[in-house]
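Next come the chains, spelled out residue by residue.
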Amino acid sequence: MLLAFFIVLNAISSYEEIKTEQVRRSVLMTFAKDITLETPEASTQADDAQAMKEGHAFDRLEALFTAQIAGFEAVQSKSRGVMMVRVPYADFKESVMALGQKDLTQYPSRRAIRDNFFLPTLVSILRSDLDGAPTRIEILLGTKSNPAQTQNQNPKRIKEIIDDAGTLSQTLEQQGMPQRLLNIGIEKGDPDFVNLVFRKYVPFSLIEEKGGVENDR
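All values reported here derive from a predicted model rather than from experimental measurement.

Engineer: How would you explain the overall build of the protein chain if you had to name every residue and give the values?
Structural biologist: Helix and strand content of the protein chain: nine helices and five strands. Taken from N to C terminus, the helices and strands of the protein chain fall in the order α-α-α-α-β-β-α-α-β-α-α-β-β-α. When the 217 residues of the protein chain are sorted by exposure, 35% land in the buried category. Across the protein chain, every contact between residues at least 6 apart in sequence was considered, and the portion connecting residues at least 24 apart equals 64%. Carbon and sulfur atoms provide 53% of the accessible area of the protein chain, an area that totals close to 13800 Å².

Dropping the structure here:
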């Protein structure tokens with residue numbers, strides 16, 4: 001009888017997109033306080049290559065991840081100048097280390113490039129000053145327990161993570177990433193994922209002038 005009741009209830013129910021969108025935004029804002037969650041809008045350009053050349057750095061970064069890495073999650077706050085991306089570590093490392101990549105922003109169309117273009121395009125976006133300053137990236141590799149505890153209990157694992165971090169850092173710097181725009185650390189978290197934090201770069205000199213407490217690590 002209950003099954004029949006719910007079948008009838010579902011049949012007479014109506015779907016109102018406006019109301020469901022309001023509920024969705026309410027839930028998202030509850031669990032992501034102070035973070036601006038924007039509904040993606042259609043690009044004004046014909047392809048991803050153009051979308052990565054114009055607009056806010058965070059939007060161009062999200063277009064790059066969409067084009068090259070599946071299964072990532074991103075949240076951004078342009079007012080606070082922060083974007084966070086969670087991505088499978090294996091996919092991220094493969095995209096960074098792939099050989100023969102070219103900078104997609106230097107080509108008029110994505111059709112001009114096949115295979116991977118993640119690394120040089122990432123560096124190009126981060127180095128650009130289209131938003132008034134370059135963008136800094138912090139790469140956080142995960143360990144199942146506290147890094148200090150892991151160091152005591154399983155130093156071999158910490159060495160593996162440090163070696164991976166060194167390889168990533170060296171590859172990014174060889175591609176042209178300035179050291180001041182790059183930081184790699186270890187945090188407690190799922191080792192199968194890597195957390196990327198993007199921030200607008202602010203030099204120490206400007207922080208001191210403003211009397212702020214920001215830490216440009």
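Engineer: Now, about the packing of aromatic side chains: what can you tell me, with residues and values included?
Structural biologist: Aromatic ring pairs are described here by two measures, namely the spacing of the ring centres and the angle between the planes. Inspection of the entire model under this criterion finds four aromatic pairs. Measuring from ring centre to ring centre gives 6.4 Å for Phe65 and Phe198, while their planes differ by 70°; the resulting arrangement is edge-to-face. Here Phe198 lies in strand 5 (residues 193-200) and Phe65 lies in helix 4 (residues 57-68), a separation of 133 residues in the sequence. On the accessibility criterion, Phe198 (0% relative accessible area) is buried. Ring-pair connections join several aromatic residues into one group, and the members of that group are Phe65, Phe72, Phe92, Phe118 and Phe198. Directly above the aromatic system of Phe193 lies the positively charged group of Arg86, at a separation of 4.3 Å from the ring centroid.

Engineer: Please set out the pairing of strand 5 residue by residue, giving values where relevant.
Structural biologist: By the bridge criterion, seven bridges tie strand 2 (residues 82-88) to strand 5 in an arrangement that is antiparallel. Bridge pairing in strand 5 links Met83 to Phe198.

Engineer: Can you break down the environment of Tyr89 residue by residue, with the values?
Structural biologist: Along the chain, Tyr89 falls in helix 5 (residues 89-97). Considering only alpha carbons, one finds Tyr89 and Asp192, 103 residues apart in sequence, at a separation of 5.5 Å. Sequence-distant contacts of Tyr89, that is, excluding residues within four places in its chain, are made with Leu141, Asp164, Leu168, Pro191, Asp192, Phe193 and Val194.

Engineer: Tell me about the sheet that holds strand 3 (residues 135-143), residues and numbers included.
Structural biologist: In spatial order, the strands read 1-2-5-3-4; together these five strands make up an open sheet with mixed pairing. The sheet is open, and its two edges are formed by strand 1 (73-77) and strand 4 (182-188), each paired on a single side. The mean angle between the axes of side-by-side strands here comes to 20°, regardless of whether they run parallel or antiparallel. The sheet contact formed by strand 1 and strand 2 spans five bridges and is antiparallel. Opposite Gln76, over in strand 2, you have Met83 as the bridge partner.

Engineer: Which residues make up the packing of helix 5 against helix 8 (residues 155-174), and what values do they have?
Structural biologist: Contact pair helix 5 / helix 8: the axes reach a minimum separation of 10 Å and the direction vectors enclose 40°. The handedness of the crossing between helix 5 and helix 8 is left-handed. Between helix 5 and helix 8, the contacting residues are Tyr89, Phe92, Lys93, Val96 and Met97 on the first element and Asp164, Thr167, Leu168 and Thr171 on the second. When the residues that make up the contact of helix 5 with helix 8 are grouped by side-chain class, the tally is five nonpolar, two polar and two charged.

Engineer: Tell me what's going on with helix 5, and back it up with residues and numbers.
Structural biologist: Taken residue by residue, helix 5 has Tyr89, Phe92, Ser95 and Val96 as its buried positions. Angularly, the buried residues of helix 5 cover 135° about the axis, an arc narrow enough to put them on a single face. More than 90 degrees from the buried face of helix 5, the exposed residues found are Ala90 and Glu94.

Engineer: I'd like a rundown of the pattern of salt bridges, residues and numbers included.
Structural biologist: Between side chains of opposite charge, a pair can form when the charged atoms approach closely. One pass over the full model with this rule turns up five salt bridges. When the shortest N-O distance is used, the salt bridge between Asp164 and Lys93 registers 3.1 Å. Residue Asp164 is found in helix 8, and its partner Lys93 is found in helix 5; the two are separated by 71 residues along the sequence. Lys93 sits in the partly exposed class, given a relative accessible area of 27%.

Engineer: Requested: an account of the environment of Leu141, with residues and values cited.
Structural biologist: Considering the arrangement of structural elements, one finds Leu141 in strand 3. A C-alpha to C-alpha distance of 8.5 Å links Leu141 and Asp190, two positions 49 residues apart in sequence. When neighbours within four sequence positions are excluded, Leu141 is seen to be in contact with Tyr89, Ile161, Ala165, Leu168, Ile184, Gly185, Ile186, Glu187 and Val194.

Definitions and cut-offs
For every chain, the first residue of the written sequence is number 1, and numbering continues from 1 onward in sequence order. Given that the model is predicted, a residue must reach a pLDDT of at least 70 before its local features are reported, and side-chain atom pairs must reach 80 or more before they are shown or counted; all residues, however, enter totals for whole chains, interfaces and linings. Values shown for side chains rest on all heavy atoms present in the structure; no hydrogens or waters enter the calculation. Here a helix means four or more residues in a row that DSSP labels H or I, a strand means two or more in a row labelled E, and each is numbered from the N terminus. Between buried and exposed lies partly exposed: a residue is buried under 20% and exposed over 50% of the maximum accessible area for its type, with that area taken using a 1.4 Å probe on protein chains only. A contact between two residues is defined here by any heavy atoms of the two lying within 4.5 Å. Computed by Shrake-Rupley with a 1.4 Å probe, the accessible areas treat only the displayed protein chains as cover when residues are assessed. Here the aromatic set is Phe, Tyr and Trp, taking the six-membered ring for Trp, and pairing holds for ring centres within 6.5 Å; pairs whose planes are under 30 degrees apart are stacked, those over 60 apart are edge-to-face, and all others are tilted. In this analysis the charged atom, NZ for Lys or CZ for Arg, is taken to sit over a ring once it is within 6 Å of the ring centre and within 35 degrees of the ring normal. Strands are treated as partners if at least two bridges between them are detected by DSSP. Axis definition: a line fitted to C-alpha atoms, over the contacting stretch in the case of helices. Angles run 0 to 180 degrees between N-to-C directions. In this scheme, a crossing is called left-handed if the near helix is turned counterclockwise away from the far one by less than a right angle; it is called right-handed if the turn is clockwise. When residues are sorted by character, Ala, Val, Leu, Ile, Met, Phe, Trp, Tyr, Cys and Pro go into the nonpolar class, Asp, Glu, Lys and Arg into the charged class, and all the rest, Gly among them, into the polar class. In this description, one arc is meant: the one made by directions from the helix axis to the C-beta atoms. For this analysis, a salt bridge means a side-chain nitrogen from Lys or Arg found within 4 Å of a carboxyl oxygen belonging to Asp or Glu.

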